[in-house]
Amino acid sequence: MTKNPPKTANVVAAHAVWCKLKDLVLSPLNVRSEQVQNTELDASLDDLGLLQNLVGYVETDAKKKPTSKIAICAGGSRLLSLQRKMEAGVIDGDYEVPVKIIAVENAVKASLAENKARKDMHPADELKAFLALSTMGYTSKDIAAMFGYAPILITQRLRLATVSPLLMDLFRKGEASLQQLTALCVVDDHARQEAAWNSAPYRSVENLRALVTQGETPERSPLGQYVGKDAYIAAGGEFNIDLFAEDGGGFMVNTPLVHQLALEKLTAEANQIKEKEGLAWVEVSVVRPHAEMIALRDAPTFIRDFSAEELAKHTDLVNRCDAAQLRYEDAEPGSEEEEEAGAEVDRLTAEIEEMEEQRVSIADEHLPRAGVFVWFSNGHVCRSHLKMRPLPKADGTEGDVSEEGDDEAGEGAGIAQSLQEPQKKERSAHSDAHTRRMSAHRNAALQKLVADNHKVALAAMLAAILPGVLSDRDRSQKDSTINIRPPYLKGSAQDIEANMAWQSVQEQISKAAQLVKAKEGEESSMFSRLLELPEAMLVELVALCVALSIDVLHGNEQTGVRSAELAKAVNLDMADWWKATPDSYLSHVSSKRLLAVVTEAVSAEAANSMLGMKKAQMVEAAALKLSDTRWIPEMMRT
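A.B. asks: I tried to follow the sheet that holds strand β7 (residues 239-241) on my own but got confused; where do I start?
C.D. replies: Two orientations exist for strands paired in a sheet by backbone hydrogen bonds: parallel and antiparallel. Pairing is antiparallel in the open sheet, where three strands are placed in the order β6-β8-β7. Both outer strands of the open sheet, β6 (217-218) and β7, are each paired with one neighbouring strand and no more. Here β6 pairs with strand β8 (residues 250-252) via two bridges, running antiparallel. Directly across from T217, in β8, lies its bridge partner M252.

Printed below as a string of structure tokens:
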């Protein structure tokens, strides 16, 4: 006999009996105070029955007399699962359950031992078990039913179970996480999995997934969505399903096929452009063809006037866009109304821009050589400006594109242009159409001041010429031809004719036209007529031409002399040329913006006096309060 028997000896010596389910109750001495439904346990009982006995003691009443019940202190979850099946009618109260009977004084220790001393198996062991069941012929659905899992979870676990043995060993050692394995198991090639793991400088889930799928096209990528999974598979492409992606999807393994299908789709869209615009050629590529585009000059273009019907449509779009912008400004931040108004502004702005693009035209004599490049970028089909192919030489080779009347710069090109890039940014207090209107007035003022400042005009002209003349390395600027084509300000601001600067420049144009006009019956060239003019007059004409080339309209994507530098050189103060009136500004912004403007230009007290007014009244009040100020929007201050 052991001299010092362990305190649990009486538990070990306990005996097991079969008890009816209806006689079992949950003991208050069970240390797990919160009993929750265990779907895995429920499924296991359905599949295999009760594999482990319960532990309990004979329940007594307040007088320490035994009742007819057995109080279960260990195995409470199994008891509750059986009781739920009894309530559901799956089993009855006479269902016999094996229970190990212990003394009541050991109930807490037994309950604690079952819940605390147990060690969960490693997740890798669970993966190994699932794989073994799959090998025995059980499907994901079968295994899911056994343990109360969703079938997709079992499918994912089975994929994880087939990961490279080297990586599984790292997982067991805690040197690789389950999330890292899911990234690598997008493919089932062990060599690729290990190569990705070994080559990753930083083993984030994103980096590992990118490395292991290198050379494949994600279905959710812009190019993958453009081609489409169905079209890719129909063309015989191999598709690798990503079982672990939250939003589904996968990878198109055959990227060359993806590019081929994209080219076919792009070609169809490019041919529509070619037919619609009467172009001689189109060239298509999946990526932007930088070198090919630089090798060809932009075609000489002009901006035609809107037809009466087009002008009415354009005006309606601008008015609706302004109204949507006002609704956006007045809406509560983050509200559904703000989201809807913002979406409408974006849609209408896109329509306005499309109408503006459709006004860019090319002379009929250039059409036989004109064309465009079409490519795919970030979810959109993109196109270049109109380009000119070289004239063929007598020997059949291609000659230089230059000939009399051809210019390198395209639509809207000029000496001074805005440097703003078309980036995604926070929505402004002004719609794009309104911003472009105001920039047209600023453009007109700059043209007037540069035309009157010969030194600045000559400096701007040389800034455009010298980079191409002095350097033979920059192919994009090797030609010194200046393209003088005034931006079409009236297209951006229908009220430009009321602008004093615009009126002054128009008078200078009329005078210049008279100076160089050929006399009746005279057949002299423009050059010979210019030679007859005094040098000072020639300088005036140069300054006028330079001024007319200035294009700082909002949204211009070209580069040139920075507009802020030019404005500073001629001391531009837009308060001399523009005033915030109901028509020019106040009616086109929100009530919040009106209050902010009056606060800035006058005072907070002046703005507070406008609170509670209707929009029309607020516009009139703001116009009155601003009448003696020289306030201009921030975009006009540089």
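A.B. asks: Looking at this model, I keep getting lost on the packing of helix α25 (residues 591-601) against helix α27 (residues 615-626). Mind explaining?
C.D. replies: What describes two packed helices is the angle between their axes and the distance between those same axes. One can describe the packing of α25 onto α27 by two numbers: an axis separation of 10 Å at closest approach and a directional angle of 20°. By the angle class used here, α25 and α27 are roughly parallel. Here α25 and α27 pass one another in a crossing that is left-handed. Residues S591, L594, L595, V597, V598 and A601 of α25 form the contact with α27, whose own contacting residues are K615, M618, V619, A622, K625 and L626. Grouping the constituent residues of the contact of α25 with α27 by class yields nine nonpolar, one polar and two charged.

A.B. asks: Just to check I follow, could you spell out the pattern of salt bridges for this structure?
C.D. replies: Pairing of side chains with opposite charge becomes possible as their charged atoms draw close. Scanning all chains against the criterion turns up 19 salt bridges. Where E351 meets R347, a salt bridge forms, and the shortest distance between an N and an O atom there is 2.9 Å. With E351 and R347 both in helix α17 (residues 336-357), this residue pair falls four residues apart, about one helical turn. Within the structure, one salt-bridge network assembled from shared partners comprises K20, K22 and D94.

A.B. asks: I'm lost on the pairing of strand β14 (residues 380-383) in this one. Help?
C.D. replies: The side chains of a regular strand alternate, residue by residue, between the two faces of the sheet. The pairing of strand β13 (residues 370-377) with β14 spans four bridges and is classified as antiparallel. Counterpart to S377 in the pairing with β14 is H380. Counting the residues between successive antiparallel strands, the hairpin from β13 to β14 contains two residues, one of them, N378, with a positive phi of roughly 50°.

A.B. asks: I would appreciate a short explanation of the environment of L624 in the present structure.
C.D. replies: Along the chain, the position of L624 falls in helix α27. Put simply, L624 and T581 are 43 residues apart on the chain and 9.2 Å apart in space, counted from C-alpha to C-alpha.

A.B. asks: Can you help me understand the packing of helix α5 (residues 123-135) against helix α6 (residues 140-147) in this one?
C.D. replies: For the pair α5 and α6, the least separation of the axes is 10 Å and the interaxial angle reads 130°. Here α6 runs oblique to α5, going by the angle between their axes. α5 and α6 meet at a crossing whose hand is right-handed. Between α5 and α6, the residues in contact are F130, L133 and S134 and I143, M146 and F147, respectively.

A.B. asks: Explain unusual backbone geometry here, please?
C.D. replies: With a phi close to 65°, K64 is a non-glycine residue in the positive phi region. Tracing the backbone shows K64 in the loop between β3 (54-60) and β4 (66-74). Phi at N571 takes a positive value of approximately 55°, unusual for a residue other than glycine.

A.B. asks: Would you mind showing me how to read the pairing of β4 here?
C.D. replies: Note: strand β2 (residues 24-26) against β4, three bridges, orientation parallel. Its bridge partner being in β4, L24 is matched across the sheet by I70. Note that β3 and β4 share five bridges and pair antiparallel. Following the sheet pairing, G56 is matched in β4 by I72. The hairpin formed by β3 and β4 contains five residues between the paired strands, and K64 there has a positive phi angle of roughly 65°.

A.B. asks: Any chance you could explain the packing of aromatic side chains here in plain terms?
C.D. replies: Aromatic ring pairs are reported here in terms of the distance separating the ring centres and the angle at which the planes meet. The tally for this structure, following the rule as stated, stands at four aromatic pairs. One residue, K265, lies across the ring of Y226, its end atom 4.5 Å from the ring centre. Taking NZ or CZ as reference, R359 lies 4.4 Å from the ring centre of F306, over its face.

A.B. asks: Would you mind showing me how to read a negative patch on the surface here?
C.D. replies: Taken together, the side chains of D330, E332, E336, E337, E339 and E340 define an acidic patch exposed on the protein surface. Tallying contributions element by element places α17 first for the negative patch, with four residues. Looking at the secondary structure, you find E339 in helix α17.

A.B. asks: Would you take a moment to explain the nonpolar core for this structure?
C.D. replies: Across soluble globular proteins, you tend to see nonpolar side chains buried next to one another. Counting residues in each nonpolar core, the largest one holds 56 residues, and the members touching the most others are V450, L572, W578, Y585 and L586. The dominant element in this core, judged by the number of residues it contributes, is helix α18 (residues 432-452), at eight residues. Residues contacting W578, with those up to four places away along its chain left out, are M438, H441, S584, Y585, W631, I632, P633 and M636. Membership of the second largest hydrophobic core comes to 24 residues, among which are F239, A270, I362 and A370.

Each value, and the rule that gives it
- Residues numbered from 1 in each chain as written.
- Predicted model: local features only at pLDDT ≥ 70, side-chain atom pairs only at ≥ 80, totals over all residues.
- Heavy atoms only, no water.
- Pairing = 2+ DSSP bridges.
- Helix = DSSP H or I, 4+ residues; strand = E, 2+ residues; numbered from the N terminus.
- Axes fitted to C-alpha atoms, helices over the stretch in contact; angles between N-to-C directions.
- Parallel < 35°, antiparallel > 145°, perpendicular 65-115°, else oblique.
- Left-handed = near helix turned anticlockwise from the far one by under 90°.
- Contact = heavy atoms within 4.5 Å.
- Nonpolar A, V, L, I, M, F, W, Y, C, P; charged D, E, K, R; others polar.
- Salt bridge = Lys/Arg side-chain N within 4 Å of Asp/Glu carboxyl O.
- Phe/Tyr/Trp six-rings, centres within 6.5 Å; stacked < 30°, edge-to-face > 60°.
- Lys NZ or Arg CZ within 6 Å of the ring centre and 35° of its normal.
- Patch = residues over 30% accessible without salt bridge, like charges linked within 9 Å, V, L, I, M, F, W, Y side chains within 5 Å.
- Areas by Shrake-Rupley, 256 points an atom, 1.4 Å probe, with all protein chains shown as cover.
- Lys, Arg positive; Asp, Glu negative; His and termini not counted.
- Charge placed at Lys NZ, Arg CZ, Asp CG, Glu CD.
- Core = buried A, V, L, I, M, F, W, Y, C linked by side-chain atoms within 4.5 Å.
- Buried < 20%, exposed > 50% of the residue type's maximum accessible area, 1.4 Å probe, protein only.

Distances and angles like these do not, on their own, reveal function.
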